[in-house]
Amino acid sequence: MEWLEEYTRIPYPFAKYDLIILPSFQYGGMEHTGATLYNDRRMFLHESPTLNEQLSRSALIAHETAHMWFGDYVTMEWFDDVWTKEVFANYFASLIVEPLYPEVDHRLNFILDYIPAAYAEDRTAGSNPVKQELDNLKDAGLVYGNIIYNKSPVVMEMLVQTIGADAFRRGIQEYLQRYAYGNADWDSLIRILEQYTPVNLSRWSHMWIYEKGMPELKIKKEKNQLLISQQDPWGRGIVWPQKLSYILYTDQEEKKINIDVQQAETIVPLPDAYAGKLKGILPNTDGRGYGFFFLNREDAEASMYELQTTEDQVLKGSILINLYENLLHGSIPPDWFTEQLITYLSKETNTLLYTAGLGYISNCVRLYPGQYTALETRLWELICTHPVSQHRLLTFRSCMHMVQTEESIEKLYTLWENENAPEGCVLSENDFITLSYLLSIYLPEKSDMIIQTQKGRITNPDRQKEYAFISPAVSPCKTRRNSVFNALLLAENRRIEPWAATALAYLNHRTWQKSHSLYTAGA
């Protein structure tokens, strides 16, 4: 609150500010004038929280507090601009959290927090503009998603970089003063900001706010020059203006170049020293660009080498994101991706990077089924030997979802049965509950015993109810699982959304995907 008061030059605008903690609340938080609702598990962490869990809680509190100014003090004119309060809340939350964690690279945290989640929606046929049309308020819930919450802060950072932090702050202060206890839309803010910059913000805003999707960017060497091309995957011929950074990579040295991309094709002279020796080009090295950056084989190999050798944490984060997007695009094979990444993780000490890399390995195993026996062995090695104890815990939590071999499943069962944890790990009750769900799936002959045993270990009444709701979804009996899905078709059985979402996830576990079609809302 002090940070926001100082930044906006506006004292807290309401009479009180209460916090209300709700067990199994369907959202992380929900702001209301003078009071905010919070999910209990997001607020009350177990005795050994990971860095990501701590950062997430702090950002959540900062996000909801920012809403007192952005969303309550000044409110959008109509719900098609609901994103404006969310972008301010997320963008300012990132700044508010920084001084609380001086040991964290917050630039890295920003790109890992927002860009992958934004890409997850923007790369699909379900992509939508940041500002969406909304004809009827009854459909307001449909406008929420990764574009509003995750793409918009990335775009907001571009805006700040374009006009400067001081001009942006002055514009925000004028915006709040002019529309205090009233309503405003996005264009109102743009008109104010244009007073503080010579840049044509209306054109910039049209491309990044009113148009859906993201550019596909390629860079290649042609004779003694570089050609950067961007393509609109939706075939509209749109050009997204942005400033991009690249590293030219040779056997002996690297050179960073910055390119202002304002057209569909941009030509840049190639330094003579690199004309005949270029071994690869690393795109978006500062993580400030947005789009799909295509990697050819040489670029991918150079990127992976740089990932394992550079000390630049932001560069590592950007490389991880680019490699994963190219995996999904089909330009990188899954087995090479997992092999290279597990080698990289064995030496990575940055928890944010480690978490991201581990998540990408887990996604690869889930999306590209195959035999990952060697990967399992490497994961167990990390669980037992990684020098950072928190990384052992993170690896264990990922590994228990990925295991395929009888040996690994037996290890998990022994740990669960004896309520032990791998050395250097501190498992919470939630970890053992999750393990019981997975073991019920992995070991169908022991399923009833596992569920009944775990049920007897739980003492918290809220968790007992949650366990009773979810556990039938992991039954080896297909008839019982079908009954869970049919029950979820009734709205009253989805009242506690986190429980319903978890049950549906287990109904679609990869173990059963081979034998029957997926449970979906349209089934």
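Bear in mind that the values here come from a model prediction, so they are computed numbers and not experimental data.

The rules behind each value
- Residues numbered from 1 in each chain as written.
- Predicted model: local features only at pLDDT ≥ 70, side-chain atom pairs only at ≥ 80, totals over all residues.
- Heavy atoms only, no water.
- Pairing = 2+ DSSP bridges.
- Helix = DSSP H or I, 4+ residues; strand = E, 2+ residues; numbered from the N terminus.
- Axes fitted to C-alpha atoms, helices over the stretch in contact; angles between N-to-C directions.
- Contact = heavy atoms within 4.5 Å.
- Polar contact = N/O pair within 3.5 Å; in protein donor to acceptor, adjacent residues only side chain to side chain.
- Disulfide = S-S within 2.5 Å.
- Buried < 20%, exposed > 50% of the residue type's maximum accessible area, 1.4 Å probe, protein only.
- Parallel < 35°, antiparallel > 145°, perpendicular 65-115°, else oblique.
- Left-handed = near helix turned anticlockwise from the far one by under 90°.
- Nonpolar A, V, L, I, M, F, W, Y, C, P; charged D, E, K, R; others polar.

A. Highlighting the sheet that holds strand 2 (residues 29-32). If you walk across this open sheet you meet the three strands as 1-3-2, and the pairing is mixed. The sheet is open, and its two edges are formed by strand 1 (18-22) and strand 2, each paired on a single side. Within this sheet the neighbouring strands show an average axis-to-axis angle of 15°, counted without direction. Across four bridges, strand 2 lies against strand 3 (residues 35-39) in antiparallel orientation.

B. Local environment of the environment of glutamate 376. Its location among the elements puts glutamate 376 in helix 14 (residues 373-385). Placed 29 residues apart in sequence, glutamate 376 and threonine 405 show a C-alpha to C-alpha distance of 8.2 Å. Aside from chain neighbours lying at most four places away, what touches glutamate 376 is Met402, Val403, Gln404, Thr405 and Ser408. Side-chain polar atoms of glutamate 376 contact the side chain of threonine 405, separated by 2.8 Å.

C. Up close: the state of the cysteines. Evaluation of the coordinates by the stated rule reveals zero disulfides. The closest cysteine sulfur to the non-disulfide-bonded cysteine 364 is located on cysteine 399, 15 Å from its own sulfur. Cysteine cysteine 384 remains unbridged, with the sulfur of cysteine 425 as its closest cysteine sulfur at 8.4 Å. Taking relative accessible area as the criterion, cysteine 384 reaches 48% and is therefore assigned partly exposed.

D. The arrangement of the packing of helix 20 (residues 478-488) against helix 21 (residues 497-507) in detail. Orientation of helix 20 relative to helix 21, taken along the N-to-C sense of each, is 140°, at an axis distance of 11 Å. With respect to helix 21, the element helix 20 is oriented oblique. Between helix 20 and helix 21 the crossing geometry is left-handed. Here helix 20 contributes Arg481, Val484, Phe485 and Leu488 to the contact with helix 21, which in turn contributes Ala500, Ala503, Leu504 and Leu507. Grouping the amino acids of the contact of helix 20 with helix 21 by side-chain chemistry returns seven nonpolar, no polar and one charged.

E. The arrangement of the packing of helix 5 (residues 106-122) against helix 11 (residues 313-329) in detail. With their axes 9 Å apart at the nearest point, helix 5 and helix 11 run at an angle of 15° to one another. One element, helix 5, and the other, helix 11, form an angle in the roughly parallel class. Between helix 5 and helix 11 lies a crossing whose hand is right-handed. Note on element contacts: helix 11 touches helix 5 through Gln313, Val314, Gly317, Ser318, Ile321 and Glu325, opposite Arg107, Leu108, Ile111, Leu112, Ile115, Pro116 and Tyr119. Along the lines of polarity and charge, the residues of the contact of helix 5 with helix 11 split into eight nonpolar, three polar and two charged.

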